[in-house]
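The chain contents come next:
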Amino acid sequence: MISPSTKLYGLIGYPLGHSISFYIHNAAFRALSIDALYLNIPIEPEFFSKAILGIKYLPIYGLNVTIPHKESIIEFLDEISEISNILGAVNTVYRENHKWKGDNTDFGGFLKTLEDLNLSRDFSCLILGAGGAARAVIYAVLEYGFKEVYLTNRTYERAEKIAVEVKKNKNFEIKVIPWEDREKISEKVILINTTSIGLDGKETPWNGDFKKLVFVYDIIYNPKETPLLKLAKENNVPYKNGLDMLIYQACLSWEKWFGFVGPFEVMKREAEKLL
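This write-up is about the structure you can find in this document. (Residues numbered from 1 in each chain as written. Predicted model: local features only at pLDDT ≥ 70, side-chain atom pairs only at ≥ 80, totals over all residues. Heavy atoms only, no water.)

### Describing the sheet that holds strand β11 (residues 213–218)
Formally: Here a strand pair is declared whenever DSSP counts at least two bridges between the two strands. Secondary structure follows DSSP: runs of H or I at least 4 residues long count as helices, runs of E at least 2 residues long count as strands, and numbering of each begins at the N terminus. Whether two residues are in contact is decided by their heavy atoms: any pair within 4.5 Å suffices. Angles here are taken between N-to-C directions and fall from 0 to 180 degrees, while the axes themselves are lines fitted to C-alpha atoms, restricted in helices to the stretch in contact.
With respect to topology, six strands assemble into an open sheet ordered β9-β8-β7-β10-β11-β12, the strand pairing being parallel. The open sheet has two edge strands with one neighbour each: β9 (175–176) and β12 (239–240). In this structure, strand β7 (residues 124–128) lies alongside strand β10 (residues 189–193), joined through five bridges in parallel fashion. What sits directly across from Leu126, in β10, is Leu191. Lying on the sheet, helix α4 (residues 105–117) is in contact with β10, β11 and β12; it crosses β11 at an angle near 145 degrees.

Here's what the structure looks like:
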């Protein structure tokens, strides 16, 4: 039910047809009897500046931000968190003391899944991709404390740039390897895919020896089993998709909006019904 006092929240990005955030947040609002409504607010990149200025003056109490606006939103905010500044991206916007503030819950969402998995820190991990999602994953991996971190990307320079940033911010040496050499790595690793390879349900970013992999994590959540994860399953390698990361980052947004973490199980049940 919607009342005159219903508070508005939403997701800005473009396009938004694939997103399930609308469903999981509204299911959680219903479950906890919160008088709020979560909306999809698609904003085409060329209209972003004008649209966001308008949104700031509407009775909207919080936003999630997805591609391609996670970076461009920053200049319109009064303050951003330390992790948002390091990552150069904001995915959660909230009101506080008449100010619009930004945070990044992708980092915390991925870190929480690593803690749930309780993977051995004695292993190294190989991260595929150097986009916005990769940054959150990399810093979560560093926070978790794996022994070594390898990074590879189809554009080598982007991976190299992130490695320089990590060295500056965390004094940690990431080992960058060329994309074509990713399957030549000699030691056993935890493989983390942050690329879009597999979204089509056809391609896989890894065709190498699965005996080198102790765990496979693909942050794609739809399809639930990407070609990479199907191969991991066939080769008896433990694996995980990105659904829990999605749910956790959504739950952590609530901490900024309402002062408490959102209901993980409620959101996950709704997501699994949709997927």
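Don't stop here, the text continues.
### Comments concerning the pairing of strand β6 (residues 99–103)
Formally: Note on classification: 1.4 Å probe, protein chains only; a residue is buried when its accessible area is under 20% of the maximum for its type, exposed when over 50%, partly exposed between these limits.
The element β6 is extensively covered by neighbouring structure, given that four of its five residues are classed as buried. Relative to β6, strand β4 (residues 79–80) runs parallel, the two sharing two bridges. In the sheet register, Ile80 faces β6, and the bridge partner there is Gly102. Bridge count for strand β5 (residues 92–96) against β6 is five bridges, and the pairing is antiparallel.

### Focus: the packing of helix α8 (residues 243–258) against helix α9 (residues 264–274)
Helix-helix packing is described using two parameters, namely the angle between the two axes and the distance between the axes. Selection rule: Note on terminology: angles under 35 degrees are roughly parallel, angles over 145 are roughly antiparallel, angles of 65 to 115 are roughly perpendicular, and the others are oblique. Crossing handedness follows the turn of the near helix against the far one: under a right angle anticlockwise gives a left-handed crossing, and clockwise gives a right-handed one. Residue classes follow a fixed rule: Ala, Val, Leu, Ile, Met, Phe, Trp, Tyr, Cys and Pro count as nonpolar, while Asp, Glu, Lys and Arg count as charged, and any other residue, Gly among them, counts as polar.
Their axes nearest at 10 Å, the elements α8 and α9 cross at an angle of 135 degrees. Between α8 and α9, the crossing angle belongs to the class labelled oblique. When the axes of α8 and α9 are compared, the crossing they make is right-handed. From α8, Leu243, Asp244, Ile247, Tyr248, Ala250, Cys251 and Trp254 reach across to α9, where they touch Phe264, Met267, Lys268, Ala271 and Glu272. A breakdown of the residues in the contact of α8 with α9 according to their chemical character gives nine nonpolar, no polar and three charged.

### What about the sheet that holds strand β3 (residues 60–65)?
Ordered by their spatial adjacency, six strands build an open sheet running β2-β1-β3-β5-β6-β4, and the pairing between neighbours is mixed. Where the open sheet ends on each side, the last strands, each with one partner, are β2 (36–42) and β4. Pairing of β3 with β5, which is carried by three bridges, proceeds in the antiparallel orientation. By the bridge assignment for β5, Asn64 is matched with Thr92. Sheet contacts for helix α1 (residues 21–31): β1 (7–13), β2 and β3; angle to β2, the most-contacted strand, approximately 170 degrees.

### Re the pattern of salt bridges
We count it as follows: Salt bridge, as used here, is a side-chain nitrogen of Lys or Arg placed within 4 Å of a carboxyl oxygen of Asp or Glu.
On inspection of all chains with the given rule, the structure shows 15 salt bridges. Close ionic contact of Lys256 with Asp103 constitutes a salt bridge, the shortest N to O distance being 3.6 Å. Here Lys256, found in helix α8, pairs with Asp103, found in strand β6; they are 153 residues apart in sequence, far enough to count as distant. A relative accessible area of 11% places Asp103 in the buried class. Between Lys273 and Glu270 there is a salt bridge, with its nearest N and O atoms 3.3 Å apart.

### Here's the deal with the side chain of Ser253
Here Ser253 lies in helix α8. Among residues more than four places away in sequence, those in contact with Ser253 are Asn64, Thr92 and Thr105.

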